[in-house]
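# Examination of the molecular architecture
The lines below spell out each chain.
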Amino acid sequence: MCGIVGYVGRREASALVLEALKRLEYRGYDSAGLAVVGGGGMAVEKAAGRISVLEQRLDGRALQGRLAIGHTRWATHGMPTDANAHPHVDCSGAIALVHNGIIENAGVLRDRLAARGHRFKSETDTEVLAHLIEEHYSGSLELAVAAALKQVEGAYGIAVVSAREPELLVAARHGSPLLVGIGEGEHWVASDAAALLRHTRNVVYLDDGEMAVVTPSGHRITDLDTEPVQKAISIVDWDDEAAERGGYRHFMLKEIMEQPDSVRMTLRGRLLQDEGNARLGGLRLSDEELLEIDRIVLTACGTSWHAALIGEYMLEELARIPVEVEYASEFRYRNPLVDERTLVIAISQSGETADTLAAVREAKRRGARTLGIVNVVGSSIAREVDGGIYLHAGPEIGVASTKAFTSQIVALALLTLRFGRLRSLSVLQGREIVRALMKLPEQVAEVLKRAAEVEQIAAAFARAPNALYLGRGYNFPVALEGALKLKEISYVHAEGYPAAEMKHGPIALIDELMPVVFVAPQDAVYQKIVSNVHEVKARKGRVIAVVTEGDREIAELADYIITIPPTIDPLTPVLSVIPLQLFAYYIAVRRGCDVDKPRNLAKSVTVE
Ligand code: AGP
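Small disclaimer: the values here were computed from a predicted structure and weren't measured.

### With respect to the site of the ligand
For the ligand, the set of nearby residues contains 14 residues, the closest of which are Ser 304, Ser 348, Ser 350, Thr 353 and Glu 488. At a separation of 3.1 Å, an oxygen atom of the ligand approaches a polar backbone atom of Thr 303. Take Glu 488: an N or O atom from its side chain is 2.5 Å from an oxygen atom of the ligand. Taking 410 Å² as the accessible area of the ligand by itself, protein coverage stands at 92%. Secondary-structure elements contributing two or more residues to the shell around the ligand are α10 (302–318) and α17 (476–490).

Following this line, the structure appears as structure tokens:
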């Protein structure tokens, strides 16, 4: 998620904007920049790296002017470089803008603008918007922005300034958060209230399709037809620290709650409804090359390895291609059978996990094609693989991976569609998968509404010294993931197991003290797991079950149930994991654990 700050008012703007950007550093970014409008016109400075690099670039020079916009970029399109950093300007250098989001039709717009003589300096989708506004500019920045945005498809939160209008800032929102900060003789725009709390707590939150025209003395909110929109002023009552987490107590909870949006961002621009297929431009593999692949190896660590297990089930069931899942730490040292017809796919949120990076290098040494399913753009794994799928889930700050996991599953479903429609999936089957994917963000939001129920259940088990998680089929890896979440943030020993395996040993653990979590949505193996629940109840086990809305059999057996909406089997993990993320979170909070930075753990394990 990028950070946006804009200022127009009675004070010098550049230092104020830089300081406000620093309040957004916690979100993770890879470049920063600002544009200032003053007596001398427009001045722009930007740099890859931290804000401190930008300050060195400025070298104490305060760019003069009382109108400015600033940006911290979390790269989605284009590597983190000076040229790709925001703000981006038009050909004349008189219009500058900063953007958070993804412009899906940037390619088409870019070609059209280039054909009309516009010259581009970056590989970003954002720069296209600067030139589009230039195309429409005829004296009013507000009208030019409104006209340009009507041609844009995708998500944006933007702030725009023009050297020709030195007391006016235009902002607009569709899909990415943006707000107006109200001061005395000065006004702000920001992607996040955390940036402004030192200056004002009076804000107006923009909604999708709205624009703000901001001057030192006031602000106007309109739609894209510049029709006025009435908006209430909100008072932000968070303290600075809480504001960094969007008002949530921990980054982990914020990231769990962000999953409707992160899943939406992973899907954005990639679903082909009529063809029942996925558009994955980053694979950089033609249909012919995809058809040459006769085996896939999925390699990862930790939570990403659990996602890989789900990917194995999807690809084998729906694309009919043999798949193996390998711990990266094992793959890199054994003598794996890999050749030029093997596709090795590394799954990694950080893109920096040492074992996974080493596995990629080993695979390449053996002639395999490699892909990465990675969240951090420009990370080592993303740079070393032949192609890949970026998650676009936004920075994941909490050490325990949550939104990256659900986005990894979605990315694997998109890849399965791509492979499957080349091999065995009919267009009708493909369309059914696309329809199910389109419903996911709203269904994720549905599950999150049950957070209070999960918190109550967690209260009953907060002191349990261990737990057993059981699942079958697509939800066996979810059982593993639920156990890992509990282990890593609450330090409670927990084990995930295929439910049918219980009778081969773990059933000896069952008694009235052992919490047993069943991940048991309505799927192809539901009836099988019902019998496993009976086995646990027959031994006085306490059962918590994640079930599909309307479930009756397990609901009557279990001591506690959390319901999820129905979806196709391969996508049930995206929904069934959420109650387990929340369960682990609430238990860890009750146990007084450091949820965002659990002991002994690092967000990215960059050593062996
Ligand atoms: C997950 O909650 C853990 N933080 C850990 O297992 C993590 O998934 C693993 O270290 C892999 O990280 P990566 O996805 O960044 O490669």
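### So, the sheet that holds strand β1 (residues 3–9)
What links the strands of a sheet is backbone hydrogen bonding, and the strands pair in either a parallel or an antiparallel sense. Spatially, eight strands are ordered β3-β2-β4-β1-β10-β9-β11-β14 in an open sheet, and the strand pairing comes out antiparallel. Two strands close off the open sheet at either side, each with one partner strand: β3 (41–48) and β14 (234–235). Alignment of strand β9 (residues 179–182) against strand β11 (residues 202–205), held across three bridges, turns out to be antiparallel. Paired with Leu 179 across the two strands is Tyr 205, which belongs to β11. Its contacts with the sheet put helix α1 (residues 13–22) on β1, β2 (31–38), β4 (67–73) and β10 (186–190), and the angle it makes with β4 is roughly 25 degrees. Each of β2, β3 and β4 is contacted by helix α2 (residues 51–58), which is oriented at about 130 degrees to β3, the strand it contacts most.

### A look at the side chain of Arg 23
Relative to the helices and strands, Arg 23 is located in the loop between α1 and β2. By relative accessible area, which is 17% here, Arg 23 ends up buried. What Arg 23 contacts, discounting residues up to four positions off in sequence, is Ala 194, Ala 195, Arg 198, Asp 240 and Glu 244.

### Observations concerning unusual backbone geometry
Omega for the peptide link from His 86 to Pro 87 comes to 5 degrees, which places this bond in the cis form. With respect to the helices and strands, Pro 87 occurs in the loop between β4 and β5 (88–89). Its identity is not glycine, yet Arg 284 carries a phi of approximately 55 degrees, on the positive side. Within the secondary structure, Arg 284 sits in the loop between β16 (277–278) and α9 (287–292). Relative accessible area serves as the criterion here: at 59%, Arg 284 is assigned to the exposed category.

Parameters at a glance
- Residues numbered from 1 in each chain as written.
- Predicted model: local features only at pLDDT ≥ 70, side-chain atom pairs only at ≥ 80, totals over all residues.
- Heavy atoms only, no water.
- Near = heavy atom within 4 Å.
- Polar contact = N/O pair within 3.5 Å; in protein donor to acceptor, adjacent residues only side chain to side chain.
- Areas by Shrake-Rupley, 256 points an atom, 1.4 Å probe, with all protein chains shown as cover.
- Helix = DSSP H or I, 4+ residues; strand = E, 2+ residues; numbered from the N terminus.
- Pairing = 2+ DSSP bridges.
- Contact = heavy atoms within 4.5 Å.
- Axes fitted to C-alpha atoms, helices over the stretch in contact; angles between N-to-C directions.
- Buried < 20%, exposed > 50% of the residue type's maximum accessible area, 1.4 Å probe, protein only.

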